[in-house]
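# Breakdown of the fold
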Amino acid sequence: MGLESNLPGGGVSARSGGLFGSGSPTFLTSKIDFLVNWARRNSLWPMPFGTACCAIEMMAAFASDFDLSRFGMERMSFSPRQADVLICAGRVPYKLAPVLRRIWDQMPQPKWCVSMGACASSGGVFDVYSMVQGIDTIVPVDVYVPGCPPRPEGLIYGLMMIQEKIREESLTKHYELRTEDPSIVARPRASDEEVAALSGPFGNSTRQNKLAGAVETEATDRPRDRRP
Amino acid sequence: MTDKPTSGLGAVDEGPVSSDANSPQGAGAPANPDDHPSVAALMERFGEAVLHHEVTSGDQHVVHIDPARNREILGWLRDDPEQRFNHLADVTGVDFGGGQPLQVVYQIWSIPYRRGLRVKCLLELDSLEIDSVAPLWNGANWLEREVYDLFGVTFRGHPDLRRILMPHDYAEGHPLRKDFPLRGRFSRAEQTRRALNQDVERFYIPEERAIGREPQDVTLPTGSESDEGSASDG
């Protein structure tokens, strides 16, 4: 015992892992990891959340020319309860934000998210009052697929990156990587500062910039316009 | 019958025209009422209530009418046997900015006579109220809700005047007004927070929400009522 505690590299915990270890990879967990990750990455069931033209490319990716079935994704899961990957394809307005968030919350762990296209990733050209500036303010995103819209090859490449990510996952670290507080529902994932940073060089709304003296516009504030 | 801006490629050389140049009255060429039978009849029937008549885009006749009498005049256009504008193609709003009056535009079409007409009502910004035409054309219901949502025009007598495109609790105003900032009045973080706190069930009207909540009274056919031949001898 005295000898073990004197060993370099942490003493007891490094050696006494046994079969399942105490948070560190062992022979058995690494073999189970391989098996589980192999099964998971080859049977991903996507939840298609298509809102715009990206969805057309997504359909093409699922159709026979590009054939995502080759990667074990032949079943589009239209119920979030049986889905593994959320593919958000297209622009998301603020009115749709709670719907997207609820679908994400309904998906069981483990789950991944692909943000497909410029609009879903950053708001795209729609830097306007009604549009979510990147769905990563609402749900955690694993892979962003750029393009307007991306080619089906782009989506396939993004999903293969998801597969690569699954390959690197481990049972011993999986849940700490994907911890989500279930009490945090219907709340932005990103903090105010992150949202402000994500919304680009112009930062914030015109009103805030105007109040800060950053821009000058002819727009006037009329309080009666705020009638809901 | 020609438009003031040159049509075709000539307009490209002139460059963009600022919206303020299009004053609510006088954007098109002044026209002869006799070119359009409905306009002539309208002027004869209502006289002073027809404020202005012009032609744009070649043959599109535009009539400005008194906003206080819009339902009466549009109802006459719909019901008069010589007009019969029984198809309301669109109701929309236009805000030219610069404190100019906001326009409510009715695009109507007479199916029997194959005749179109554009009717405009100019509303001063401090009194954005007008009679609803939903009692005349049912199709005006959602169109007027859209104009209310995006421009803030209140339609008197509308059966269900709620927001239709923006969230029900949208508090930043009416987005298609010229004085509305492009990115909204709140910060992005506040907009995201408000969006995620929406009650999505409010997207539905109360009658829709009641579906599935209240127990449904389903009476299955009893054996005696059903066909004897099929319900026997398992």
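Residues numbered from 1 in each chain as written. Chains lettered and ligands numbered in written order. Predicted model: local features only at pLDDT ≥ 70, side-chain atom pairs only at ≥ 80, totals over all residues.

## Focus: the overall build of chain B
Looking only at helices and strands, one finds six helices and eight strands in chain B. For chain B, the α and β elements follow one another from N to C terminus as α-β-α-β-β-α-β-β-β-β-α-β-α-α. In chain B, buried positions account for 31% of the 234 residues. A separation of at least 24 residues holds for 54% of the contacts in chain B among residues at least 6 apart in sequence. (Helix = DSSP H or I, 4+ residues; strand = E, 2+ residues; numbered from the N terminus. Buried ≥ 20, exposed ≤ 12 C-beta atoms within 10 Å, placed from the backbone. Contact = placed C-beta atoms within 7 Å.)

## Let's talk about the nonpolar core
Core analysis: the largest hydrophobic core is formed by 43 residues, its most contacted members being Leu-86, Ile-87, Cys-88, Leu-100 and Met-116 of chain A. Here this core takes five residues from strand S2 (residues 85-89) of chain A, the largest share from any one element. Counting residues in hydrophobic clusters, the runner-up holds 33 residues, among them Val-50, Leu-128, Val-147 and Tyr-148 of chain B. (Core = buried A, V, L, I, M, F, W, Y, C linked by C-beta atoms within 7 Å.)

## Description of the pairing of S2 of chain A
Residues and elements named next belong to chain A. The buried fraction of S2 amounts to five of the five residues, a majority that puts the element mostly inside the structure. Residues Val-85, Ile-87 and Ala-89 point to one face of S2 and Leu-86 and Cys-88 to the other, with burial holding for every one of them. Both strand S1 (residues 46-50) and S2 contribute to a ladder of five bridges, which runs parallel. Bridge assignment links Pro-48 to a residue of S2, and that residue is Ile-87. This β-α-β element, S1 to helix H4 (residues 53-62) to S2, shows left-handed connectivity. Bridge analysis of S2 against strand S3 (residues 112-116) gives five bridges, and the strand direction is parallel. Along S3, the bridge assignment pairs Leu-86 with Cys-113. With helix H5 (residues 97-106) bridging S2 and its parallel neighbour S3, the resulting β-α-β unit is right-handed. (Pairing = 2+ DSSP bridges. Right-handed = clockwise from strand over helix to strand, strands pointing away.)

## Considerations on the sheet that holds S2 of chain A
All names here are of chain A. Read across the sheet, four strands follow the order S1-S2-S3-S4 without closing on themselves; strand pairing throughout is parallel. Pairing within the sheet leaves two strands with one partner each, and these edge strands are S1 and strand S4 (143-145). Strand-to-strand, the axes of this sheet are offset by a mean angle of 15°, without reference to chain direction. Contacts between helix H7 (residues 152-167) and the sheet are confined to S2, S3 and S4, with S4 contributing the most and set at about 170° to the helix. (Axes fitted to C-alpha atoms, helices over the stretch in contact; angles between N-to-C directions.)

## Quick notes on helix H2 (residues 37-46) of chain B
All names here are of chain B. The complete set of buried residues in H2 reads Ser-38, Val-39 and Leu-42. All buried residues of H2 project into a common sector of 95° when viewed along the axis, lining one side. Where H2 is buried, its residues touch strand S2 (50-56), strand S3 (60-65), helix H3 (70-79) and strand S6 (115-123). Of the residues flanking the end of H2, it is Gly-47, one or two places downstream, whose phi is positive at about 55°. (Arc of directions from axis to C-beta.)

## Section: the packing of H4 of chain A against H7 of chain A
All names here are of chain A. Running from N to C, H4 and H7 cross one another at 75°; their axes reach a closest spacing of 8 Å. When the axis of H4 is compared with that of H7, the two are roughly perpendicular. Residues Glu-57, Met-58, Ala-60 and Ala-61 of H4 pack against Pro-152, Leu-155 and Ile-156 of H7. For the contact of H4 with H7, the class distribution of residues is six nonpolar, no polar and one charged. (Parallel < 35°, antiparallel > 145°, perpendicular 65-115°, else oblique. Nonpolar A, V, L, I, M, F, W, Y, C, P; charged D, E, K, R; others polar.)

## Let's talk about the confidence of the model for chain B
Residues and elements named next belong to chain B. Of the residues in chain B, 82% reach a pLDDT of 70 or more, and the chain-wide mean stands at 81. Within the model, pLDDT remains below 50 along residues 1-7, and this stretch shows 15 contacts once partners closer than five positions in the same chain are excluded. Long-range and interchain partners of residues 228-234, a stretch whose pLDDT sits below 50, account for two contacts in this model, where long-range means more than four residues apart. If you check the scores for this complex, the pTM reads 0.74 and the ipTM reads 0.73. (pLDDT = per-residue confidence, 0-100.)

## Details of helix H5 (residues 188-196) of chain B
Those residues of H5 of chain B not exposed but buried are Arg-188, Ala-189, Gln-191, Thr-192, Ala-195 and Leu-196 of chain B. Taken end-on, H5 of chain B shows its buried residues confined to a sector of 160°, consistent with a single buried face.

## A word on unusual backbone geometry
Along the chain, Gln-109 of chain A connects to Pro-110 of chain A via a cis peptide bond; the corresponding omega equals -5°. Turning to its location among the elements, Pro-110 of chain A is positioned in the loop between H5 and S3. The omega angle of the peptide bond from Cys-148 of chain A to Pro-149 of chain A is -10°, so this bond is cis rather than trans. Of note, Pro-149 of chain A is situated in the loop between S4 and H7. We note that Arg-84 of chain B has phi near 55°; this positive angle belongs to a residue other than glycine. Position of Arg-84 of chain B among the secondary structure elements: in the loop between H3 and strand S4 (87-94). For Arg-84 of chain B, a count of 16 C-beta atoms within 10 Å corresponds to the partly exposed category. In the Ramachandran plot, Arg-114 of chain B falls in the positive-phi region, its phi being about 50° despite a non-glycine side chain. Mapped onto the elements of the fold, Arg-114 of chain B is located in the loop between strand S5 (102-110) and S6.

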